Amino acid sequence: MSHANPEDNAFATWLTLRLTREGYRVWCDVVKLRGGDDFWKNIEAAIRLRTRRFIFVTSRISNQKPGALKELAVAEGVARALGEDRFIVPIKIDDLPYNEHNIQINRLNALDFANGWATGLAELLKALRDDSIPTPETAGASCVASWWNTNRLNHEIVEHKPETLWTNWFPLRKPPSRMWVWRIPEDAKLPQSFRYPTHRVRHFLLSFADGEALLGHPGSPTGMKGKSFPFSLRSYPPPWAGVYQHEVKTAFKKIMWQTWESLALARGLPLYELSSRRRSLWFPGRALNGDMVAFNGVDGRRSRRALAGYKTTKQPTGEIRKRYWHFGLEAIPILYPTPALSMKTHVVFTRDGETPLGDPKGQHRARRSQCKAWWNDKWRDMTLAAVTWLANGEDEIALPVSPTCSIMMSVRPICGRSPVSYQDISVRESPDEATQTAEDFDDFTEEDETESIDSAVPSADSD
């Protein structure tokens, strides 16, 4: 494979590895998969004696590169000597017009990789099969894996310097010391709702609140006398309580779910039902008054992030419309290694800032379009900003489970320390939105990129 070095190295490496995986024996100066370096010291002889097909990567650079053109000239001489019109396989990888291709390949039909490498590869493989080019590399896939592990894996990403790792686990503390349990008679009709979270398991009702707190007046929520027992996520409940340890753990998770949703409603945030029937709170524009949310960044500096914004979109009809995005959080209780709420992020889309798009596929298409350039640091900062907003400026969020007890959730997640770190700048598709300092504060975020949404093409992916 001949190409412009170093300008087209990335493509040449990719194509070499893909062809090798298909079983072809390929030589390319930037990959050198096989130990054929010795005979390739005489490239001219190798082209004349060992080559079945000469792939020439055509680009604006290679079209002028003396080294590549010299190899092309040798290949053209071989093709002429062999009488093989298809000996040279030009492939086009950029916008160089066909009529400007080097005169030595101008008469040949270049395979087009400019509109998609995968599409071009499929055409190239078909051409090689049609010409019965042998595939002697029976271990092509393992050969590629071995090369990748030796030459690329982690070599350009891992940095040998310590890094603090931020999880999305927000620790819980101050759990209640006792849990209440009531037996539910077979013919009992329980109220539709209670004043504090409860969980029903088999014929028992569990809560951290007593009967009077649940009903708002003296009495029993089930008609039966309640009992309280020492609450622990590590110890077994006493036998007389009638419930098992795993049922107590499940009750704790269910109660925490309810407290999270109660918190959302208390702060005026709506809930969006996901495909799994779980629900996520989300931030309509009115809740934020068009403002970015201030929070303490991972470096301790005061920063701001937008939790809602909009993008101007162009419809297939030519109509210009706004599509609003809204950050959302779903809290998933976890018990190990320590009780915590794991924050799962979501993005909800509306046309008016208030009403979610009703079509789940439309939500998914919008999410893929809007969030494709959102990287870990952005998701992390938006999560920190959202939790800070919910805490209303406090260091902890109180999640009431009874009139006298609230489980406290920290606004800072659990962190760890890694001896190595990584940098992903080179693999990002586009520059990410930078965290803005207080001095950079701006109003409601507008992303004025215009795009076309093909609403007639459903996505097979799911949330």
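Residues numbered from 1 in each chain as written. Predicted model: local features only at pLDDT ≥ 70, side-chain atom pairs only at ≥ 80, totals over all residues. Heavy atoms only, no water.

A. Up close: the overall build of the chain. Each helix and strand in the chain was counted, giving 11 helices and 23 strands. Residue burial in the chain is summarised as follows: out of 463 residues, 46% are buried. Sequence separation of at least 24 residues holds for 66% of the intrachain contacts in the chain that already meet a minimum separation of 6. Within the structure as shown, the chain displays about 24,700 Å² of accessible surface, and the carbon and sulfur contribution to it stands at 50%. (Helix = DSSP H or I, 4+ residues; strand = E, 2+ residues; numbered from the N terminus. Buried < 20%, exposed > 50% of the residue type's maximum accessible area, 1.4 Å probe, protein only. Contact = heavy atoms within 4.5 Å. Areas by Shrake-Rupley, 256 points an atom, 1.4 Å probe, with all protein chains shown as cover.)

B. Just the pairing of strand β16 (residues 320-334), in detail. Of all 15 residues in β16, 11 are buried, a share of seventy percent or more. The pairing of strand β12 (residues 279-282) with β16 spans 2 bridges and is classified as antiparallel. When the bridges of β16 are listed, W282 appears paired with G328. If you look at the hairpin formed by strand β15 (residues 308-314) and β16, you'll find 5 residues sitting between the two strands, and G318 has a positive phi there, around 95°. Here 11 bridges tie β16 to strand β17 (residues 340-350), and the two strands are oriented antiparallel to one another. Its bridge partner being in β17, I334 is matched across the sheet by A340. Between β16 and β17, which follow one another and run antiparallel, lie 5 residues. (Pairing = 2+ DSSP bridges.)

C. Region of interest: the packing of helix α1 (residues 9-21) against helix α5 (residues 117-130). One way to put it is that α1 packs onto α5 with a least axis distance of 12 Å and a crossing angle of 50°. Between α1 and α5, the angle falls in the class oblique. Regarding α1 and α5, the two cross each other, and that crossing is right-handed. Of the residues in α5, those touching α1 at F11, W14, L15, R18 and L19 are W117, A118, L121, L124, L125 and L128. Its residues assigned to classes, the contact of α1 with α5 comprises 10 nonpolar, no polar and 1 charged. (Axes fitted to C-alpha atoms, helices over the stretch in contact; angles between N-to-C directions. Parallel < 35°, antiparallel > 145°, perpendicular 65-115°, else oblique. Left-handed = near helix turned anticlockwise from the far one by under 90°. Nonpolar A, V, L, I, M, F, W, Y, C, P; charged D, E, K, R; others polar.)

D. α5, seen in detail. For α5, spanning 14 residues, the distance from its first C-alpha to its last is 20 Å, which sits close to the expected 20 Å at 1.5 Å a residue. For α5, the complete set of buried residues consists of G120, L121, L124, L125 and L128. All buried residues of α5 lie within an arc of 135° about the axis, which places them on one face of the element. Seen from the open side of α5, the exposed residues pointing more than 90 degrees away from its buried face are K126 and R129. A positive phi of about 55° marks S132, the residue just after α5. (Expected span 1.5 Å × (residues − 1). Arc of directions from axis to C-beta.)

E. Examining the pattern of salt bridges more closely. Under the counting rule described, the total for this entry stands at 17 salt bridges. Between K126 and D130 there is a salt bridge, with the nearest N and O atoms lying 2.9 Å from each other. With a gap of 4 residues between them, K126 and D130 both fall in helix α5, about one helical turn apart. As a salt-bridge pair, D381 and R380 come within 3.0 Å of each other at their nearest N and O atoms. Residues participating in the shared-partner salt-bridge network are R53, E84, R86 and D131. (Salt bridge = Lys/Arg side-chain N within 4 Å of Asp/Glu carboxyl O.)

F. Local environment of the environment of A308. As for its placement among the helices and strands, A308 is situated in strand β15. For A308, a relative accessible area of 2% translates into the label buried. C-alpha of A308 to C-alpha of A287: the two residues are 21 residues apart in sequence and 9.8 Å apart in space.

G. Inspection of the nonpolar core at higher detail. In this structure, W260 and M409 are the most contacted members of the largest nonpolar core, which totals 60 residues. If you tally residues by element for this core, the top one is helix α11 (residues 376-391), at 9 residues. Apart from residues no more than four positions distant in its own chain, W260 is found in contact with L281, L329, E330, A331, L341, M343, L390 and M409. Counting residues in hydrophobic clusters, the runner-up holds 24 residues, among them A12, Y24, L124 and I133. (Core = buried A, V, L, I, M, F, W, Y, C linked by side-chain atoms within 4.5 Å.)

H. A look at the sheet that holds strand β8 (residues 198-201). The sheet built from 4 strands is open, its strands ordered β8-β9-β7-β10 with antiparallel pairing. Whereas interior strands pair on both sides, the edge strands pair on one side only; in this sheet they are β8 and β10 (227-230). Recorded for the sheet is a direction-independent mean angle of 30° between the axes of neighbouring strands. Looking at chain direction, strand β7 (residues 178-183) and strand β9 (residues 204-207) are connected through 4 bridges and run antiparallel. Across the sheet, the residue bridging to R183 is F204, located in β9. Lying over the sheet, helix α8 (residues 245-266) contacts β7, β8, β9 and β10, oriented at roughly 145° with respect to β8.

I. The side chain of N9, seen in detail. Counting through the fold element by element, N9 comes out in helix α1. The exposure class of N9 is buried, given its relative accessible area of 18%.

J. Inspection of the sheet that holds strand β3 (residues 111-112) at higher detail. On the basis of which strands lie adjacent, the open sheet formed by 3 strands has the order β1-β2-β3 and parallel pairing. Edge positions in the sheet fall to β1 (54-58) and β3, since each of these pairs with one other strand and no more. Pairing of strand β2 (residues 88-92) with β3 involves 2 bridges; the strand directions are parallel. For I91, the partnering residue across the bridge sits in β3 and is L111. Packed on one face of the sheet, helix α4 (residues 66-82) meets β1 and β2 and runs near 145° to β1.

K. Up close: the packing of α1 against helix α6 (residues 140-151). In the contact formed by α1 and α6, the axes pass within 7 Å of each other and the chain directions differ by 145°. Within the contact between the two elements, α1 uses T13, L17, T20 and R21 and α6 uses G140, A141, C143, V144, W147 and W148. Of the residues in the contact of α1 with α6, the class split is 6 nonpolar, 3 polar and 1 charged.

L. Highlighting the pairing of β2. Burial within β2 is extensive, with 5 of its 5 residues counted as buried. Both faces of β2 are covered, namely the face carrying I88, P90 and K92 and the face carrying V89 and I91. Handedness of the β-α-β unit built from β1, α4 and β2 comes out right-handed. (Right-handed = clockwise from strand over helix to strand, strands pointing away.)

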